Amino acid sequence: MSVADEIKSRLDIVQYISKTVPLKRAGSGRWKAPCPFHHEKTPSFLVDENRQTWRCFGACATGGDIFNYVMKQNGWTFHEALEALAKEAGIDLKPQSPEAKARDQEVDRLRGLLKVVADYYHELLKQPEAREVLKYARKKRGLTEATIDQFGIGYAPDGWRYALDMLLNLGYTEDDAVNAGVASKNDSGRVYDRFRNRLIIPIRDERGRVAGFGARALAAEDNPKYLNSPQSALFDKGRLLFGLDLAAKSIRDSGTAVIVEGYLDAIQAHQAGYTNVVAQMGTALTEMQLKLIAPKWAKKIILALDSDAAGQNATKRSVEVARETLQYSDSGTLAIDIRVLAVPGGKRPG
Ligand SMILES: [Zn+2]
């Protein structure tokens, strides 16, 4: 049996698709829903449980097995779909060295830690003690309750061991907290919370897994104003686009991605209904960031970066990276349409 067949034997297409599509029973062994790949009111997307296939009888007029589904859903190649589904099915594609396996397991474990911390900070923002911080997020940042929940925005209290003690109680070590980037260690070996008295914005990867945090100072005298998780195997800024987990569908549907500079800009855009917006969180776009969205999903990229001098330089570099990274068509023109949108008014409110 081939690996692909083994994966198919282990995964049920109805179960798999229904994780993201609200399938309704339509006769024995048949399920249907509005097509996830095109807009429609009358469901023409059918999944056949017995054959383990799907088909859109509407605008897409296409279908296939679970592999074709995952490829279309994510804009992936067969190999990328194979990797993702193998993982889903619990199948090891190639035997890993024990060291590589241990490393992967360690990263997964620390991802679990980050999720716990993100939930903890989010919960703290809802406590009576954080009333003023919540007010700041709502009034000063203009964020709604729904947005705060959707992005999991949180509060790191003003103290040295809030997250740390919570983690130790769960059986994590001080080193775990340091390695995951939520605690720091000073020269004398004392370990303490990295984020103190800050509004916390969890930064997720394209699959929605917490990779790190962005944190905005709440007291005017605190520097820096924005503090991120340190660079690590978990948090690699050059490989992350903030908001992509929430923006992916909209980018895929519209074929257009809008890239802004900061995560709060992206959050506010989503709240205003512009759900194809992501943030680059750095100075200039990297090749890795671009490849997360183009050409597989976005055919058009709009760079909406600050129009101050630093922003303009970053934009220029970003456009250069894009030109070097993205494919050229046969006629020698860029296959991706890149536009630069000057944000009027210069500096955004810090
Ligand atoms: Zn369709």
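Everything numeric in this text was worked out from a predicted model, so none of it was measured.

Rules of the game
Residues numbered from 1 in each chain as written. Predicted model: local features only at pLDDT ≥ 70, side-chain atom pairs only at ≥ 80, totals over all residues. Heavy atoms only, no water. Helix = DSSP H or I, 4+ residues; strand = E, 2+ residues; numbered from the N terminus. Buried < 20%, exposed > 50% of the residue type's maximum accessible area, 1.4 Å probe, protein only. Pairing = 2+ DSSP bridges. Axes fitted to C-alpha atoms, helices over the stretch in contact; angles between N-to-C directions. Contact = heavy atoms within 4.5 Å. Donors = N, O, S within 2.8 Å, 3.2 Å for Na, K, Ca; no water. Tetrahedral: all angles 85-135°; square planar, octahedral: opposite > 155°, others 65-115°. Domains from an automatic or database assignment. Buried area = accessible area lost by both parts, 1.4 Å probe. Salt bridge = Lys/Arg side-chain N within 4 Å of Asp/Glu carboxyl O. Phe/Tyr/Trp six-rings, centres within 6.5 Å; stacked < 30°, edge-to-face > 60°. Lys NZ or Arg CZ within 6 Å of the ring centre and 35° of its normal. Arc of directions from axis to C-beta.

Peer 1: Before we go on, may I ask you to explain unusual backbone geometry in this structure?
Peer 2: The phi torsion of most residues other than glycine is negative, and most of the peptide bonds are trans. Backbone torsion omega between Asn223 and Pro224 reads -10°, so that peptide bond is classified as cis. The phi torsion at Ala61 lies on the positive side, around 50°, for a residue other than glycine. Checked against the element boundaries, Ala61 lands in the loop between strand S4 (53–56) and strand S5 (62–64). Despite not being glycine, Asn197 has its phi angle at roughly 50°, a positive value. Tracing the backbone shows Asn197 in the loop between strand S8 (191–193) and strand S9 (198–204). You can call Asn197 buried: its relative accessible area is 16%.

Peer 1: What is the right way to look at the sheet that holds strand S10 (residues 210–217) in this model?
Peer 2: Sheet strands associate in pairs through backbone hydrogen bonding, adopting either a parallel or an antiparallel arrangement. The strand order across the open sheet formed by four strands is S6-S9-S10-S11, and the pairing between neighbours is antiparallel. A single partner strand is all that each edge strand has here, and the edge strands are strand S6 (154–156) and strand S11 (226–228). Within this sheet the neighbouring strands show an average axis-to-axis angle of 35°, counted without direction. By the bridge criterion, seven bridges tie S9 to S10 in an arrangement that is antiparallel. What sits directly across from Ile200, in S10, is Ala215. Packed on one face of the sheet, helix H11 (residues 263–271) meets S9, S10 and S11 and runs near 75° to S9.

Peer 1: Is there a simple way to explain the coordination of the zinc ion in this structure?
Peer 2: Working reference: metal with six octahedral donors, ideal angles 90 or 180 degrees; metal with four tetrahedral donors, ideal angle 109.5 degrees. The coordination sphere of the zinc ion, as far as protein atoms go, consists of Cys35 (SG), His38 (ND1), Cys56 (SG) and Cys60 (SG), spread over 2.0 to 2.3 Å. Considering all four donor atoms around the zinc ion, the spread of angles at the metal, 104 to 114°, places the coordination shape in the tetrahedral class. Note on Cys56: relative accessible area 1%, which makes it buried.

Peer 1: Any chance you could explain the domain arrangement of the chain here in plain terms?
Peer 2: In many analyses, interface size is given as the accessible surface area lost on bringing the parts together. Domain boundaries in the chain define domain 1 (3–88), domain 2 (104–235) and domain 3 (240–340). For domain 1 versus domain 3, the distance between C-alpha centres works out to 29 Å. In this assembly, seven residues from domain 1 lie in contact with five residues from domain 3. Here domain 1 packs against domain 3, burying approximately 430 Å² in sum over the two surfaces, 34% of which is carbon and sulfur. In this assembly, domain 1 and domain 3 are joined by zero salt bridges.

Peer 1: What's the story with the packing of aromatic side chains in this structure? I'm lost.
Peer 2: Aromatic ring pairs: the centre-centre distance and the angle between the two ring planes describe each pair. Taken as a whole, this structure holds 14 aromatic pairs when the rule is applied. Plain terms: the ring middles of Tyr226 and Tyr263 are 5.9 Å apart, the flat faces sit at 65° to each other, and that makes the pair edge-to-face. Here the residue Tyr226 occupies a position in strand S11, and Tyr263 occupies one in helix H11, the gap between them amounting to 37 residues. When its relative accessible area of 27% is taken as the criterion, Tyr226 is described as partly exposed. In this structure Tyr263 comes out as buried when scored by relative accessible area, which is 6%. These aromatic residues form a ring-pair network of at least three members: Phe37, Phe45, Trp54 and Tyr69. Lying across the ring of Phe37, Lys72 places its NZ or CZ 5.2 Å from the centre.

Peer 1: Looking at this structure, how should I read helix H4 (residues 78–88)?
Peer 2: Residue pairs spaced three or four apart in an α-helix point in one direction, given the helix's 3.6 residues per turn. Among the residues making up H4, those that are buried are Ala81, Leu82, Leu85 and Ala86. For H4, the buried positions fall inside an angular range of 130° around the axis, keeping them on one side. Summarising the contacts, the buried residues of H4 are in contact with helix H1 (3–10), helix H2 (13–18) and helix H3 (66–74). Two residues or fewer past H4, Gly90 is found with a positive phi of approximately 70°.

Peer 1: Looking at this model, I keep getting lost on the environment of Leu240. Mind explaining?
Peer 2: Relative to the elements of secondary structure, Leu240 occurs in the loop between S11 and helix H10 (244–254). The class for Leu240 is buried, based on a relative accessible area of 5%. Spatially, the C-alpha atoms of Leu240 and Ala211 are 8.7 Å apart, while their sequence positions differ by 29 residues. With residues near it in sequence (within four places) discarded, Leu240 still touches Ile203, Arg204, Asp205, Ala211, Phe235, Gln280, Met281, Gln289 and Leu292.

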